[in-house]
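Descriptive analysis of the structure
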Amino acid sequence: MFSVVARTATPLSNLLAPRIGVLMVAVRGRKSRIDPKAKSKAGRVKVPPPVDPAEMLVLRERFTQYDLIMRALRAEFKEDMLRRRYEEEVGSLAEERTKQEAEEHQKLMAWNNAENQRLHQLREERIRKELEQEQLRKEQVAISREKRMEQYVKEKEQEILQLQEEAKNFITLENLDQRIEEALDNPKSYNFAVDKEGRIVKRTVQE
């Protein structure tokens, strides 16, 4: 059997809110088919409401007129719709529509060709600029590489000159005796102490 929810003071938000437990609502059960008639309605006799014959006649006439008017309107609308459809398919409107579609197609094709030409020009301009930028970048890379090579050659030349200058003080077989005599005449002591800044603070005198 179905049950009916009774009117309560519980707001709708509380009823729709999710709850963990079971929602208990006061309900009123309906009578089953086998339950007897209520004592308060034991002597009740259902009597249909009285009908006025004159009013019923007027209502029937009005309903008939309404039905006829609606049928006529439906028939007229249907005829108009069928006539328009026929004219659109095989009549003068079909030719005019075909002509309009052809003109619109030509306009769209002309616009499409113009747009393609414009995009083609933009694409060529973009490709030309990209080629120019690439060429400029290659030139800059070549210039930079050439500058680095020149700097490298200058550094190597400077190193060669420095080595040639240092080679003048090298000990060779020709000046070996002279350098030995100079070392004996000018003895040097490497026994000294330095501070944190690297300065010599104490040197042992060689005896």
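Look above for the structure.
First things first, this report covers the structure right here in the doc. The residue numbers shown here count from 1 along each chain, following its written sequence. Thresholds applied to this predicted model are a pLDDT of at least 70 for local features of residues and 80 or more for the giving and counting of side-chain atom pairs; totals over whole chains, interfaces and linings are not thresholded and use all residues. To obtain the side-chain values, all non-hydrogen atoms of the structure were included, while hydrogens and water were left out.

**Things to note about the overall build of the protein**
- Elements are defined by DSSP. Helices are runs of H or I of four residues or more, strands are runs of E of two residues or more, and each kind is numbered from the N terminus. Counting secondary structure elements, the protein contains 4 helices and 4 strands.
- Mapped in sequence order, the helices and strands of the protein form the string β-α-β-α-α-α-β-β.
- Only protein chains enter the calculation, and the probe is 1.4 Å; a residue is then buried if its accessible area is under 20% of its type maximum, exposed if over 50%, and partly exposed in between. Within the protein, the fraction of its 207 residues that count as buried is 2%.
- Considering only residue pairs separated by 6 or more positions, the protein has 15% of its internal contacts joining residues 24 or more positions apart.
- Element-wise, carbon and sulfur atoms account for 56% of the exposed surface of the protein, whose accessible area totals about 21,100 Å². In this analysis, two residues are considered to be in contact whenever any of their non-hydrogen atoms come within 4.5 Å of each other. Exposure was quantified through the Shrake-Rupley algorithm and a 1.4 Å probe, taking into account, for residues, occlusion by the shown protein chains and nothing else.

**Focus: the pairing of strand β4 (residues 200-203)**
- Pairing of strand β3 (residues 192-194) with β4, which is carried by 3 bridges, proceeds in the antiparallel orientation. Directly across from Ala193, in β4, lies its bridge partner Lys202.
- With antiparallel pairing between neighbouring strands as the criterion, β3 and β4 make up a hairpin whose turn holds 5 residues, including Gly198 at a positive phi of roughly 85°. Strands were regarded as paired on the criterion that DSSP finds at least two bridges between them.

**Regarding the pattern of salt bridges**
- Salt bridges are identified by distance alone: a Lys or Arg side-chain nitrogen within 4 Å of an Asp or Glu carboxyl oxygen. Taken as a whole and assessed by the stated rule, the structure comprises 12 salt bridges.
- A salt bridge links Arg83 to Asp80; the nearest nitrogen and oxygen atoms lie 2.9 Å apart. Of the two residues, Arg83 and Asp80 both sit in helix α2 (residues 53-90), 3 residues apart, roughly one turn of that helix.
- In this structure, the salt-bridge partner of Arg118 is Glu115, at a minimum N-O distance of 2.3 Å. Here Glu115 and Arg118 lie together in helix α3 (residues 92-167), a separation of 3 residues that amounts to about one turn.
- Look at Arg118 and you get partly exposed, because its relative accessible area is 40%.
- Residues joined by salt bridges that share partners form a network here, namely Asp80, Arg83 and Arg84.

**Some points on the side chain of Asn175**
- Looking at the element boundaries, Asn175 is found in the loop between α3 and α4 (176-185).
- Within 3.5 Å is the distance limit for a polar contact, defined as a pair of N or O atoms, with the added protein rule that one can donate a hydrogen and the other accept it, and that residues adjacent in sequence qualify only through two side-chain atoms. Here Thr172 takes part through its backbone nitrogen, which lies 2.6 Å from a polar atom of the side chain of Asn175.

**Some points on a positive patch on the surface**
- On the surface, a cluster of positive charge is made up of Lys31, Lys37, Lys41, Arg44 and Lys46.
- Looking at the secondary structure, you find Arg44 in the loop between β2 (27-29) and α2.
- Taking the relative accessible area as the measure of exposure, Arg44 reaches 52% and is therefore exposed. Two distance rules govern patches: like charges are joined within 9 Å, and nonpolar side chains (Val, Leu, Ile, Met, Phe, Trp, Tyr) within 5 Å, applied only to residues with over 30% relative accessible area and no salt bridge. We count Lys and Arg on the positive side and Asp and Glu on the negative side, and we leave His and both chain ends out. A single reference atom marks each charge: NZ on Lys, CZ on Arg, CG on Asp, CD on Glu.

**Let's talk about a nonpolar patch on the surface**
- Nonpolar side chains collect at one region of the surface, where Ile171, Leu173, Leu176, Ile180 and Leu184 lie side by side and expose about 550 Å² of accessible area between them.
- Among the secondary structure elements, Leu176 is positioned in helix α4.

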